[in-house]
Amino acid sequence: MAITVGLDFGTHQTKVCIENNDNPTNVYYEFLSFDDLDGSKCYCLPSIIQINKDHTLSYGFCNDNDCLYDDSIIDIKEPEYIKEPELKYPPKPSKPEEFDVNMAFTTGKDLLPWQMVLLSIKQRSEYKKSPEYKKWVDDNYKYELELKRWEEKCTIIKNEYLIEIERINEANDKLRISYMEKIRDFESRKQMKFRYFKQAVYDYGDSNFKIDPKLLSIWYLSYIIFIVKENYGQYFSIQMGVPCDVLNHEKRRRIGTSLLLSAYYLVEDVYDNNFDNFLSAKYEDLVNVTKTIDYDESMKNDYGILIFPEACACLNRMVFNKRITPNRLHIIIDIGGGTTDISFFSISDEKPNIFKFISIPYGLNYIREKCSNENRMLDRLLIKNNYYIKVKEKIDDLIYEVKCEFKKQTNRPIELLEEVINNNMSLYVGGGSTYNLLCIDYKCFDDVKRIDYDLYPIKVTNTNINSNEYAILANAYGLAHSEIDDKVELQSIKQLFNGISIQDKNVYKIIDENNRYEYEHGLTDL
C-alpha cells in the first residue's frame, strides 16, 4: 500500500491523517482515531506520557489512579500567614459619679417635722450654689471633652486598624494564592505525568523535566508509529511539521528527523515491531535502550521522512482548492499550544509563493498563564496586552519590509502600495483559532477567516468531523498529501513587484488634485 502519514505532533495534542495512494485514480484520506478512557473515538491524542505505578507507560489518555508519584519531591510547606493584630483602644475616661443632692443638705437635729420640711425646701433651692455641686459640674464638663477626644481617637485607631487588616488580608491572599499555585505545581511535578515535552525539545518553554524531553518525544512518536503500523501495515512515509522560522528551519528540520529516526530505531531494532513488548516495558528499561539517532540524509530518505514548517503545513491544499485570491499577499496564522506560526504568502499559477515564515513562542499556554482562569480567557484587554502585541510586532516587520522593497524597486509613492494591499486575508488555523477572540485582523490583513469546510474542504472518509475540528485537523490533512521532497523555496519580497517598471509612466497616473492614483487591484497589476 502507498501510505503517507501526515503527522501534526502538537504541544497539547497530536493529530494524524492518512493518505492512501494505493490506487492513484482513487486516492482517499482518513484521520486516525484514538480511544479515550471511556472507549469513545476521537481524532486528537493528548501529547501526554504517564509513568504508571507498575513503571510502565501510558500515552495520550491516562488514568490518574494508575499514576506513579515521585516521593523524592519535598512537600510544600504552608506559609506562615500574617496574624491580625488585636484592636486596642486607650482607656475610656471615667464618668463622674452622679451628684448626691443630699450632700448639700445639712441635717437638722431636734427639729420638728414641719421645720424639717421647711429646711429641706430651702436647701433644695440653694444646693446648686454649693462648692460640691460646682465641682461636680466642672468635672462633668471636663469629662464630656475628654470623652469626645477619646471617641475621635478611637475612630482614628479603628480606621487605621481596618486599613491594616485589609492590607494583611491582601498579603495573606497573595501568600495563599502563591501556595495553591505551588501545590498545583507540586502535585503536577510529583505526578510522573509529562506534558509539553515537544515544546521543550525545540528550545521552547520549561526545561525542568525529570526525564529528558527528547526521550519523552521519542517514546511518544514510537507509540504513534506502532499505532500506524497496527492499522496500515509496516510500510509508509511520514510527513511531519515542526515549529520554526526561516533562520532556524534547517536546525529544526534536523531535530524533527532525528526524533523520527530514533523512534523507528526503538520500534524496529529494539522491540522488533512488537507493540505489546513496548507497552509492557518499564520506563527504566526504556531509558536504557532508547538511542538518539543523529540526522542522516540517507536514513531519512530510506524511511520516507519529510519535515515541513508548521506555518506552511496546509498551504498546498488551500492553493489546490482555489479558495484564496491570487496575486495578493496573505498570512496564515496557526495558533497552537506552544507556538504561533505565521506564513506570509501569495498565489500565482496555482502555486503558493512563500515569502517568509516565522514561529513565535507564544501560544495557548502563554495566554492561559496570563489568564488565571477560563473566564478571563474572554478578557479582550488582557489578551491584547499580552498576546496580540507579540504577533503584531512580527507582522509590522513584514509590512515594513514590503514597503521598503516596494520603494526600492519601483521608486513610487508608498501611498499607492498602501491602497493596493488592503483587504488581504488573515487565515486562522489550529486550536487557538476556535477562540473567536484570538482571530483578529492585523492592519492590511483585515479579511479574517478561520479555516472551515468552505475555505478548505477536507475530503476524508471520516464523517463525524465538527466545525471546530476542521481548524484543528487542517495541518494534519495538509501534511498527509504526499510530496516529493521537503524543500521550502522562499520567494524574495521584491518578486511581489515583478513586472512593475519604473519607466512605465502609463501604469499609474494622478487623477485628481488629492494625488490619488488610478490602478488595477492586485500587487502584480500596479
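These notes cover the structure that comes with them.

About the cut-offs
- Residues numbered from 1 in each chain as written.
- Predicted model: local features only at pLDDT ≥ 70, side-chain atom pairs only at ≥ 80, totals over all residues.
- Heavy atoms only, no water.
- Helix = DSSP H or I, 4+ residues; strand = E, 2+ residues; numbered from the N terminus.
- Buried < 20%, exposed > 50% of the residue type's maximum accessible area, 1.4 Å probe, protein only.
- Areas by Shrake-Rupley, 256 points an atom, 1.4 Å probe, with all protein chains shown as cover.
- Polar contact = N/O pair within 3.5 Å; in protein donor to acceptor, adjacent residues only side chain to side chain.
- 1 Å grid on protein atoms, 1.4 Å probe; cavity = no way out; pocket = protein on both sides within 12 Å on 5 of 7 lines; lining within 4 Å.
- Points joined across faces, edges and corners; volume = space filled by probe spheres on them.
- Nonpolar A, V, L, I, M, F, W, Y, C, P; charged D, E, K, R; others polar.
- Axes fitted to C-alpha atoms, helices over the stretch in contact; angles between N-to-C directions.
- Parallel < 35°, antiparallel > 145°, perpendicular 65-115°, else oblique.
- Left-handed = near helix turned anticlockwise from the far one by under 90°.
- Contact = heavy atoms within 4.5 Å.
- Disulfide = S-S within 2.5 Å.
- Core = buried A, V, L, I, M, F, W, Y, C linked by side-chain atoms within 4.5 Å.
- Pairing = 2+ DSSP bridges.
- Expected span 1.5 Å × (residues − 1).
- Phe/Tyr/Trp six-rings, centres within 6.5 Å; stacked < 30°, edge-to-face > 60°.
- Lys NZ or Arg CZ within 6 Å of the ring centre and 35° of its normal.

**Quick look at the overall build of the chain**
Tallying secondary structure elements over the chain gives 13 helices and 16 strands in all. For the chain, the proportion of its 526 residues judged to be buried stands at 46%. Of the roughly 28,700 Å² of accessible surface on the chain, a fraction of 47% belongs to carbon and sulfur atoms.

**A closer look at the side chain of Thr-339**
Examined against the element boundaries, Thr-339 turns out to sit in the loop between β12 (330-335) and β13 (340-348). Of note is the side chain of Thr-339, whose polar atom sits 2.9 Å from the side chain of Asp-341.

**Some words on the layout of surface pockets**
Estimates place the volume of the second largest pocket at around 710 Å³. In terms of lining residues, the second largest pocket is bounded by 25 residues, among which Asn-316, Pro-352, Ile-354, Glu-483 and Lys-487 are the most central. Contributions of two or more residues to the lining of the second largest pocket are made by α9 (315-320), β14 (351-360) and α13 (467-480). Residue classes in the lining of the second largest pocket are distributed as 12 nonpolar, six polar and seven charged.

**A look at the packing of helix α4 (residues 213-232) against helix α5 (residues 249-270)**
Their axes nearest at 8 Å, the elements α4 and α5 cross at an angle of 60°. Taken together, α4 and α5 sit at an angle that is classed as oblique. Considering how the two elements wind past one another, α4 and α5 form a crossing that is right-handed. Packed against α4, whose contacting residues are Lys-214, Ser-217, Ile-218, Trp-219, Leu-221, Ser-222, Ile-225, Phe-226 and Lys-229, the element α5 presents Leu-259, Leu-260, Ser-262, Ala-263, Tyr-264, Leu-266, Val-267 and Glu-268 at the interface. Here the contact of α4 with α5 is composed, by residue class, of 11 nonpolar, three polar and three charged.

**Observations regarding the side chain of Lys-229**
Structurally, Lys-229 is set in helix α4. We classify Lys-229 as buried; its relative accessible area is 6%. Beyond its immediate stretch of four places on either side in the chain, Lys-229 contacts Gln-234, Phe-236, Val-267, Glu-268 and Asn-273.

**Quick look at the state of the cysteines**
The final tally for this structure, using the stated rule, is zero disulfides. The thiol of Cys-44 is not disulfide-bonded; the next cysteine sulfur, from Cys-42, is found 6.9 Å away. Overall, Cys-44 belongs to the buried group, its relative accessible area being 12%.

**Brief notes about the nonpolar core**
Judged by nonpolar contacts, the single largest core of 89 residues is most densely connected at Leu-7, Phe-31, Trp-219 and Met-240. For this core, the element with the most residues is α4, which contributes 13 residues. Ignoring anything within four residues of it in the chain, the contact list for Leu-7 reads Thr-14, Lys-15, Val-16, Leu-221, Ile-224, Ile-238, Gln-239, Met-240, Gly-241, Leu-260 and Leu-479. Membership of the second largest hydrophobic core comes to 34 residues, among which are Ile-335, Ile-342, Tyr-387 and Cys-444.

**Considering the environment of Pro-243**
Structurally, Pro-243 can be placed in the loop between β10 (237-242) and α5. Residue classification places Pro-243 among the buried residues on the basis of a relative accessible area of 1%. Each C-alpha atom of the pair Pro-243 and Lys-198 lies 9.9 Å from the other, and the pair is 45 residues apart in sequence.

**Some remarks on the sheet that holds β12**
Strand order across the open sheet formed by five strands is β14-β13-β12-β15-β16, with mixed pairing between neighbours. Edge positions in the open sheet fall to β14 and β16 (447-450), since each of these has one partner strand only. Each neighbouring strand pair of the sheet contributes to a mean axis angle of 20°, computed without reference to strand direction. Relative to β13, β12 runs antiparallel, the two being bridged by six bridges. If you follow Ile-332 over to β13, its bridge partner there is Ser-343.

**Details of unusual backbone geometry**
Trans peptide bonds make up most of the peptide bonds, and negative phi angles are found at most residues other than glycine. Its identity as a non-glycine residue notwithstanding, His-55 has a phi of 75°, on the positive side. Structurally, the position occupied by His-55 is in the loop between β7 (48-51) and β8 (57-59). The partly exposed category is assigned to His-55, whose relative accessible area is 26%. Residues other than glycine seldom take positive phi values, yet Tyr-196 does so here, at roughly 60°. Structurally, the position occupied by Tyr-196 is in the loop between β9 (193-195) and α3 (197-201). Overall, Tyr-196 belongs to the partly exposed group, its relative accessible area being 34%.

**Looking at α5**
With 22 residues, α5 should cover 32 Å at 1.5 Å per step; its first-to-last C-alpha distance of 30 Å lies within 8% of that length. Once α5 finishes, Asp-272 follows within two positions and takes phi at roughly 50°, a positive value.

**A look at the packing of aromatic side chains**
Overall, the coordinates contain 15 aromatic pairs when judged by the stated rule. Ring geometry for Phe-344 and Phe-445: centres 6.4 Å apart, planes at 55°, overall tilted. Linking Phe-344 in strand β13 with Phe-445 in the loop between β15 (425-429) and β16, this pair joins segments that are 101 residues apart in sequence. Comparing Phe-344 with Phe-445 shows no difference in burial state: the two are buried. Above the ring of Tyr-81, the side-chain terminus of Arg-176 is found at 4.9 Å from the ring centroid. The residue whose ring lies beneath Lys-291 is Tyr-265, and the NZ or CZ to ring-centre distance is 5.5 Å.

**Considering the sheet that holds β7**
In a beta sheet, neighbouring strands are held together by backbone hydrogen bonds and run either parallel or antiparallel to one another. Spatially, the three strands line up as an open sheet ordered β8-β7-β9, and their pairing is antiparallel. Every other strand in the sheet has two partners, leaving β8 and β9 as the edge strands with one partner each. Averaged over all pairs of adjacent strands, the angle between strand axes in this sheet comes to 20°, irrespective of strand direction. Inspection of the sheet shows β7 paired to β9 by three bridges, in the antiparallel sense. Paired with Ile-48 across the two strands is Arg-195, which belongs to β9.

The quantities given are spatial measurements derived from coordinates; they are silent on function.
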